Amino acid sequence: MKIDLLYRPRLNDLRPVVPASETLLPFDAATVRTSPNAYFQGRPGYRADHLGEFVVPLPSASAIADDVLPIVNNPDARLDYEHFSIVMSRSRRLALFTGVNIDGSASVSVPRGGDPWAFDGRIPEDAQVGEALYANNDFDRGHLVRREDPNWGTTAGIANRDTFHFTNCAPQLSAFNQRTWLSLEDYILDNTRRVGERASVFTGPVFRATDPLYRGVAIPLAYWKVVAFVHDDGRPSSTAYLIDHDVDLTEHTLLFGAFKTYQRSVRAIEGLTNLDFGMLHTFDGFSNEEAATGESVRRLITGPGDILA
């Protein structure tokens, strides 16, 4: 075939790459669904007795009760899903915190699928930050309960789908979400020897009055995580972590700035969030060190070798 190097195409000369019957439209272009109340019937949610005798309740938000979104027919204001629960912030329309039970010994690999994010029909849509925040920018719909964590046992598929609700979502820039947020829990759980490979994990944003507004949503610039488990020698343990990053939010650009990951005390997370983790601080070496010395303790994490448990 002779090639015509003198050919200069115009717009009308161009042809579709794929036949018109096919589609490459992303999920974002579809109508966002809402999971009805009936869909969640029978969900057990987070269990405080997941670690046996080491009972770890959900943190108390009584100090900030005015900001807790009430849930109909649930005096604890918790939204229960498969193996995890969420308490929502009324003012920020994001989760105050999440709590998930993990059982690595019964873990099931569930394909990610098409990211079918949905509103939770148990609360009003305007009480949840939805797709409008995430369209056409560099924000990830960041899972707070990591997608893989509740995917264990015979209901792993249900748990996987439950994680794709906007109640379990927070705006995180792509580099932050992929390089740091997701890897932190891998570091913790892959480098500890736990009874029955079980753990209970709490996660949430740090809400500050100075958080920048973007599309009408105050964007959290820091996130925390508290992990509880029992060592294989029978020692109960809790550890806490804080990830902070700087974001320059303008009308046209999102610039990812520096961030650092620290191991902190459970007490420090309580101070940042106004949540009460009960007696969990007594099983945290960082909290006990601070109580003994009167000095704040934090440890910069650059890799799994920096984590103490």
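Counting from 1, residues in each chain are numbered in the order their sequence is written. Under the rules for a predicted model, residues below a pLDDT of 70 receive no local features and side-chain atom pairs below 80 are neither given nor counted, while totals for whole chains, interfaces and linings still include all residues. Hydrogens and water molecules were not included; the side-chain quantities draw on all heavy atoms of the structure.

Peer 1: Looking at this model, I keep getting lost on the pairing of strand β3 (residues 84–88). Mind explaining?
Peer 2: For a regular strand, side chains alternate in direction, first toward one face of the sheet and then toward the other. Buried, partly exposed and exposed residues are distinguished by accessible area as a fraction of the type maximum, computed with a 1.4 Å probe on protein chains only: under 20%, between the cut-offs, and over 50%, respectively. Where helices and strands are cited, they refer to DSSP runs of H or I of at least four residues and of E of at least two residues respectively, numbered from the N terminus. Here β3 lies mainly inside the structure; five of its five residues are buried. Here β3 shows two buried faces, one formed by F84, I86 and M88 and the other by S85 and V87. If DSSP finds at least two bridges between two strands, the strands pair. As paired elements, strand β2 (residues 79–80) and β3 share two bridges and run antiparallel to each other. Residue pairing in the sheet places D80 in a bridge with S85 of β3. Linkage of β2 to β3, two consecutive antiparallel strands, is achieved through a turn of three residues, within which H83 is found at a positive phi near 75°. As paired elements, β3 and strand β4 (residues 95–103) share five bridges and run antiparallel to each other. Pairing of V87 across the sheet is with F97, part of β4. From the end of β3 to the start of β4, which pair antiparallel, there are six residues, and R93 there has a positive phi angle of about 65°.

Peer 1: Which parts of the structure should I look at to understand helix α4 (residues 285–293)?
Peer 2: It helps to recall that an α-helix has 3.6 residues per turn; residues three or four apart then point in one direction. Listed as buried for α4 are F286, S287 and E290. Axial view of α4: buried residues confined to an arc of 100°, hence all on one face. Projecting away from the buried face of α4 at angles above 90 degrees are the exposed residues A291 and A292. Backbone geometry just after α4 places G294 at a positive phi near 75°. Regarding the arc, it is the one traced by the directions from the helix axis to the C-beta atoms.

Peer 1: Mind showing me how you'd approach the layout of surface pockets here?
Peer 2: Where empty space is left in the structure can be found by rolling a water-sized probe over the atoms. Of the two site types, the cavity is a set of points on a 1 Å grid over the protein atoms alone where a 1.4 Å probe fits but cannot get out, and the pocket is an open set with protein on both sides within 12 Å along at least five of seven lines, each lined by residues with an atom within 4 Å of a point. Grid points are joined across faces, edges and corners, and a volume is the space filled by probe spheres set on the points. One number sums up the size of the largest pocket: a volume of about 270 Å³. Under this grouping Gly is polar, as are all residues other than the nonpolar Ala, Val, Leu, Ile, Met, Phe, Trp, Tyr, Cys and Pro and the charged Asp, Glu, Lys and Arg. Taken together, the residues that form the lining of the largest pocket break down as four nonpolar, five polar and four charged.

Peer 1: I'm lost on the nonpolar core in this one. Help?
Peer 2: Soluble globular proteins tend to pack their nonpolar side chains together in the buried interior. Nonpolar cores were defined as sets of buried Ala, Val, Leu, Ile, Met, Phe, Trp, Tyr and Cys residues, with membership established by side-chain atoms within 4.5 Å. The biggest cluster of nonpolar side chains holds 54 residues, and the ones touching the most others in it are V56, F202, W224, V226, F277 and L280. Counting only elements with at least two residues in this core, the list comes to β3, β4, α2 (174–190), β8 (198–205), β11 (222–230), β12 (236–249) and α3 (266–273). It is β11 that contributes the most residues to this core, eight residues altogether. Note on definitions: a residue-residue contact is assigned when non-hydrogen atoms from the two residues lie within 4.5 Å. When residues no more than four places from it in sequence are discounted, the contact partners of V226 are S200, V201, F202, T239, A240, V266, I269, F277 and L280. Core analysis: the second largest hydrophobic core is formed by 13 residues, Y134, F166, Y214 and V217 among them.

Peer 1: What am I meant to see in the packing of aromatic side chains here?
Peer 2: Each aromatic ring pair is described using two quantities: the centre-to-centre distance and the angle formed by the ring planes. Each aromatic pair joins two rings of Phe, Tyr and Trp (for Trp, the six-membered one) with centres within 6.5 Å, and gets the label stacked for planes under 30 degrees apart, edge-to-face for over 60, and tilted for any other angle. Applying the stated criterion across every chain, the model contains ten aromatic pairs. When the ring of W117 is compared with that of F166, the centres are 5.9 Å apart and the planes differ by 25°; the resulting orientation is stacked. Linking W117 in the loop between β4 and β5 (118–120) with F166 in the loop between α1 (156–162) and β7 (169–173), this pair joins segments that are 49 residues apart in sequence. Among the residues examined, W117 registers a relative accessible area of 1% and is labelled buried. The ring centre of Y262 lies 4.5 Å from the NZ or CZ of R298, which sits over that ring. Distance and angle both matter: a charge sits over a ring if NZ of Lys or CZ of Arg is within 6 Å of the ring centre and within 35 degrees of the ring normal.

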